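So you can see what is in the structure, the chains are spelled out below.
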Amino acid sequence: MQGKEGPVINLYNAAGITAKTAKGREVKFLITSEFPYCNKVSIKLTKLKGERFTFRLHIPAWSKDTKVSVNGRPVENAVAGKYLAINRKWEKGDRIELVLDMKARLVEAPHGSNPAGWNCEAVTYGPIVLARDENIDPDYNKPIRIKADANGEVKLTPVKPQKPGTRMEFLVPTTTGNIHMVDYSSVDGWKGKQI
């Protein structure tokens with residue numbers, strides 16, 4: 001995305017990007033990342049004539065404790081759900097690094113018009129919603145209660161995925177033992193079935 005003061009980054013997928021500086025000059029940068037499956041992001045300026053301008057980075061609302069650095073030096077004031085503006089003289093080769101806070105959290109269902117859903121919960125891992133997959137969990141549709149600490153954090157244990165094509169799989173603690181959950185995009189429960 002482009003702002004008047006310089007580039008604006010909203011998403012941290014791997015990419016090569018061309019944007020404009022505040023003076024309208026071309027700046028190119030490379031985002032290296034395995035987001036959303038990894039919490040580390042590197043942004044390297046690959047083409048630029050030295051100039052002062054502002055890079056704006058969107059800090060996701062779910063990333064409560066984001067670490068940002070420029071050329072290895074920490075940048076303060078990264079606030080979840082806000083943009084972090086870094087204004088400096090940039091040079092080719094400068095590198096911005098982010099470490100996003102990918103804690104697992106328990107999300108309670110909102111209390112709205114359907115009281116039958118009020119007891120439902122979801123587990124998120126950073127931006128990823130986890131799900132029970134009927135292909136690996138025969139009790140996928142039975143109610144359970146996820147264990148979380150007072151801050152709503154869930155202590156996940158990463159495990160090797162049982163099914164080919166599953167990107168992430170975790171052991172998730174419940175009040176009656178552990179269950180397996182996978183990233184929602186890997187669930188293949190409806191394949192070949194009528195909905």
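Here is a short report on the structure shown in this document. (Residues numbered from 1 in each chain as written. Predicted model: local features only at pLDDT ≥ 70, side-chain atom pairs only at ≥ 80, totals over all residues. Heavy atoms only, no water.)

With that settled, consider the packing of aromatic side chains. Under the criterion given, the structure shown has seven aromatic pairs. Ring geometry for tyrosine 12 versus phenylalanine 35: centroids 6.3 Å apart, planes at 85°, classification edge-to-face. Placement of the pair is tyrosine 12 in the loop between β2 (6–9) and β3 (15–20) and phenylalanine 35 in the loop between β4 (26–33) and β5 (40–47), with a sequence separation of 23 residues. Measuring from centroid to centroid gives 5.2 Å for phenylalanine 55 and tryptophan 90, while their planes differ by 70°, and the two rings are edge-to-face. Here tryptophan 90 lies in strand β9 (residues 83–90) and phenylalanine 55 lies in strand β6 (residues 51–58), a separation of 35 residues in the sequence. Like tryptophan 90, phenylalanine 55 is buried. Here a set of aromatic residues connected by ring pairs shows up, and it is made of Phe29, Phe53, Phe55 and Trp90. The residue whose ring lies beneath arginine 88 is tryptophan 90, and the NZ or CZ to ring-centre distance is 4.9 Å. (Phe/Tyr/Trp six-rings, centres within 6.5 Å; stacked < 30°, edge-to-face > 60°. Helix = DSSP H or I, 4+ residues; strand = E, 2+ residues; numbered from the N terminus. Buried < 20%, exposed > 50% of the residue type's maximum accessible area, 1.4 Å probe, protein only. Lys NZ or Arg CZ within 6 Å of the ring centre and 35° of its normal.)

An order of β3-β4-β5-β10-β7-β8 is seen for the six strands of this open sheet, with the pairing classed as antiparallel. Pairing within the sheet leaves two strands with one partner each, and these edge strands are β3 and β8 (73–75). Taking each pair of neighbouring strands and ignoring which way they run, the sheet shows an average axis angle of 25°. Pairing of strand β7 (residues 67–70) with strand β10 (residues 95–99), which is carried by four bridges, proceeds in the antiparallel orientation. Bridging across to β10, serine 69 finds its partner in glutamate 97. (Pairing = 2+ DSSP bridges. Axes fitted to C-alpha atoms, helices over the stretch in contact; angles between N-to-C directions.)

Position of glutamate 134 relative to the elements: it lies in the loop between β13 (128–131) and β14 (157–158). For glutamate 134, a relative accessible area of 27% translates into the label partly exposed. Sequence separation between glutamate 134 and phenylalanine 29 is 105 residues, and the spatial gap between their C-alpha atoms is 42 Å.

In regular strands, side chains alternate between the two faces of the sheet. When β13 meets strand β16 (residues 177–183), the two strands line up antiparallel, connected through two bridges. Across the sheet, alanine 131 pairs through a bridge with valine 182, a residue of β16. As paired strands, strand β15 (residues 169–174) and β16 are joined by six bridges and run antiparallel to one another. When the sheet's bridge partners are listed, glutamate 169 is paired in β16 with valine 182. Between the end of β15 and the start of β16, which pair antiparallel, lie two residues.

Core analysis: the largest hydrophobic core is formed by 39 residues, its most contacted members being Ile43, Leu57 and Leu98. The contacts of leucine 98, once residues within four sequence positions are left out, are Tyr12, Asn39, Lys40, Val41, Ile43, Leu57, Ile59, Thr66, Lys67 and Val68. (Core = buried A, V, L, I, M, F, W, Y, C linked by side-chain atoms within 4.5 Å. Contact = heavy atoms within 4.5 Å.)

Picture the strands of a sheet paired through backbone hydrogen bonds; they go either parallel or antiparallel. As summarised here, the arrangement of the four strands in space is β1-β2-β6-β9, forming an open sheet in which the pairing is mixed. Lying at the two open borders of the sheet, with one neighbouring strand each, are β1 (2–3) and β9. As judged from the two bridges shared by β2 and β6, these two strands associate in the parallel manner. For isoleucine 9, the partnering residue across the bridge sits in β6 and is leucine 57.

The next subject is the pattern of salt bridges. Tallied over the entire structure, the rule returns 14 salt bridges. Between aspartate 137 and arginine 132 there is a salt bridge whose closest N-O contact spans 2.9 Å. Take aspartate 137 and arginine 132: they sit in the same class, and that class is buried. The shortest N-O distance in the salt bridge between lysine 142 and aspartate 139 comes to 3.1 Å. Among the ionic contacts, a cluster of salt bridges with common partners joins Asp101, Lys103 and Arg105. (Salt bridge = Lys/Arg side-chain N within 4 Å of Asp/Glu carboxyl O.)

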